[in-house]
Structure formats: structure tokens, C-alpha cells
Amino acid sequence: MRTEIKKYESGYVIFVENSCIGTVQFYDNPFQMQNCYLKIKLTYSDNKFSAWLFKELKREAGRPLQVMISSADVSLSVFLKAGGFVRKRKCYEVKATVNDFIGHKTGMRLFSCQAGDYEYDIACKMMYDYYVLTHKPVNECTADFQSFCRSLPAEAIFAEKKSAITSLAFIDKNEIAYVCGSDKSHFQSFACNLIAKIFEKYGEVVFESDNCDWAATSLRKLFKNQSEASIDTYVYTRE
């Protein structure tokens with residue numbers, strides 16, 4: 001089977017037996033520059049040429065490859081695995097109402113801080129360290145602290161243990177944008193109270209939960225009736 005790739009703009013056109021079967025586009029994530037991200041649009045895929053294709057694309061990129069696809073795209077998943085990709089992460093999008101909530105509010109006290117507050121700066125540092133730690137097995141964070149902080153919402157909710165912040169979340173209205181903790185047993189109570197607090201004002205809560213992020217996973221477990229559909233991350237590191 002004759003297969004070739006030809007460069008165009010920020011990606012490549014894929015040919016099989018002189019017929020164009022689609023494109024693969026390269027792009028970057030400014031927070032995680034270690035891997036080269038791919039957008040794959042193929043009208044035809046055969047596992048017989050997948051290994052060759054991704055070996056060539058990695059050679060062109062000069063670094064590991066990363067693809068994010070819907071878990072429903074079974075054919076592309078099979079094609080990626082046949083070509084040498086390994087699934088590293090599943091990301092669930094959670095949209096839930098109070099009727100889905102199976103947690104229970106406790107007596108834990110929650111605090112709020114805003115950008116510019118002393119506690120907010122501490123929360124930013126905790127969140128950055130946690131983000132770096134949880135993303136390292138997939139694609140190491142390359143953003144510096146200041147760049148990361150600019151992506152954070154202006155409000156953080158946190159809980160303390162012995163006067164030290166141990167659990168926190170950055171929120172934007174009813175969205176939990178980022179969440180982390182340093183004490184898993186303490187975090188469970190924090191998560192229940194955080195969700196209850198959001199439901200006091202909003203009818204729905206939304207957030208993303210990566211299966212490599214224990215804090216976000218703990219949040220997701222507080223809700224029933226959640227879809228198992230996910231956005232799956234695949235990484236190719238073969239030489």
C-alpha cells in the first residue's frame with residue numbers, strides 16, 4: 001500500500017495510492033509545549049498504515065504526539081492504538097443538578113477570597129503545584145506560574161485545617177474551573193459543602209473531571225446519573 005504525506009500550512013495531507021484521504025493538522029497548547037497536538041480528519045483509515053503514518057508525523061514534529069478524541073469515536077481510537085498511541089487520560093464533562101447530588105453538607109466552614117487577597121495568592125500557588133503534578137504523567141506543564149495564574153477565575157473558595165488551606169476551588173458563577181487539595185479525607189467534606197454552596201444560588205453545576213486528577217474525580221463521584229462519555233487523550237512517544 002503506497003502511502004505518503006505532503007506538508008501544507010500547519011499540517012499534512014495524507015495520500016494512499018495517490019488518493020487524498022484527509023489531513024492532519026499540528027497545533028500547540030501554550031500550557032503544555034512538550035507534545036505536539038494533532039487534529040486528525042481522515043475519510044479512510046486502515047491499521048496497516050497507521051504505524052508508518054505516525055512515525056513520519058513524529059519525525060516531522062520532532063517531539064511526542066498527542067491527540068484528544070471523543071470516546072465515541074471507536075474507529076479512530078483503534079487506528080491510534082494500532083499506530084502506537086497509548087490512552088493516557090479520560091476527561092468527563094459534568095453537568096448536574098441538585099437532584100443528581102448524593103453528597104451531604106457538613107459543618108465545615110468555607111471561606112472566599114478574590115484576586116489581590118493574600119489567601120488568593122496562596123491558593124494560586126497551591127493550584128499551580130497541583131496542576132503540574134497531576135498533568136505530568138500525560139504531558140508535562142511548561143507554563144510558568146504567572147502565565148498559569150492569568151487563566152484562573154478571580155474568585156476562590158477554600159477550607160482550612162489548623163489555619164492552613166488544604167482544599168480549594170476556583171469558581172466562575174456555577175462553573176468549578178479548577179480544584180485541588182492536599183488532604184484527601186479533608187477534601188471530601190470540602191467538596192460536599194462546595195457543591196451545596198453553589199446550589200444555593202444556581203440550579204446547575206458544571207466542571208470537568210480528569211481520571212488522573214483525584215480531586216476532580218472525587219467531585220464527580222458526588223453525582224449520580226453521569227454519562228460515561230469522555231474526551232480521551234492519546235500520546236505517541238515511540239522513537
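Structure shown above.
Residues numbered from 1 in each chain as written. Predicted model: local features only at pLDDT ≥ 70, side-chain atom pairs only at ≥ 80, totals over all residues. Heavy atoms only, no water.

Engineer: Before we go on, may I ask you to explain the pairing of strand β11 (residues 204-210) in this structure?
Structural biologist: As a general feature of sheets, a regular strand has side chains that alternate between the two faces. Burial runs high along β11: five of the seven residues are buried. Where strand β6 (residues 86-97) meets β11, seven bridges bridge the pair, whose relative direction is antiparallel. Each residue of the ladder has a partner; that of T97, found in β11, is E204. As paired elements, strand β10 (residues 175-181) and β11 share two bridges and run parallel to each other. Within β11, the residue paired with I176 across the bridge is F207. In this region the chain leaves β10, passes through helix α5 (residues 184-199) and returns to the parallel neighbour β11; the handedness of that crossover is right-handed. (Buried < 20%, exposed > 50% of the residue type's maximum accessible area, 1.4 Å probe, protein only. Helix = DSSP H or I, 4+ residues; strand = E, 2+ residues; numbered from the N terminus. Pairing = 2+ DSSP bridges. Right-handed = clockwise from strand over helix to strand, strands pointing away.)

Engineer: When you look at the packing of aromatic side chains in this model, what are you seeing that I'm missing?
Structural biologist: Here the distance between the centres and the angle between the planes together describe a pair of aromatic rings. Scanning the entire structure with this criterion turns up 24 aromatic pairs. Note on Y27 and Y37: the rings are 5.3 Å apart at their centroids and 45° apart in plane angle, and the pair reads as tilted. Of this pair, Y27 sits in strand β3 (residues 19-29) while Y37 sits in strand β4 (residues 32-42), and the two are ten residues apart along the sequence. Taking relative accessible area as the criterion, Y37 reaches 2% and is therefore assigned buried. Between F111 and F158 the ring centres are 5.4 Å apart and the planes differ by 20°, which places this aromatic pair in the stacked class. In this pair, F111 is assigned in strand β7 (residues 111-114) and F158 in strand β8 (residues 155-161), connecting sequence segments 47 residues apart. What makes F158 buried here is its relative accessible area of 4%. Grouping aromatic residues by their ring pairs yields a cluster made of F31, Y128, Y131, F145, F148 and Y178. For the cation-ring pair, R220 lies above Y92, with the distance from its terminal atom to the ring centre recorded as 3.8 Å. (Phe/Tyr/Trp six-rings, centres within 6.5 Å; stacked < 30°, edge-to-face > 60°. Lys NZ or Arg CZ within 6 Å of the ring centre and 35° of its normal.)

Engineer: Explain a negative patch on the surface here, please?
Structural biologist: Residues E93, D172, E175 and E208 make up a contiguous surface patch of negative charge. In this fold, E93 is placed in strand β6. (Patch = residues over 30% accessible without salt bridge, like charges linked within 9 Å, V, L, I, M, F, W, Y side chains within 5 Å. Areas by Shrake-Rupley, 256 points an atom, 1.4 Å probe, with all protein chains shown as cover. Salt bridge = Lys/Arg side-chain N within 4 Å of Asp/Glu carboxyl O. Lys, Arg positive; Asp, Glu negative; His and termini not counted. Charge placed at Lys NZ, Arg CZ, Asp CG, Glu CD.)

Engineer: Honestly, unusual backbone geometry in this entry has me stumped. Any pointers?
Structural biologist: Negative phi values dominate among residues other than glycine, just as trans dominates among peptide bonds. Even without being a glycine, K162 presents a positive backbone phi close to 55°. Inspection of the secondary structure assignment puts K162 in the loop between β8 and β9 (164-172). The backbone of S163 sits at a positive phi, close to 65°, despite the residue not being glycine. The exposure class of S163 is exposed, given its relative accessible area of 67%.

Read these as geometric descriptors, not functional statements.
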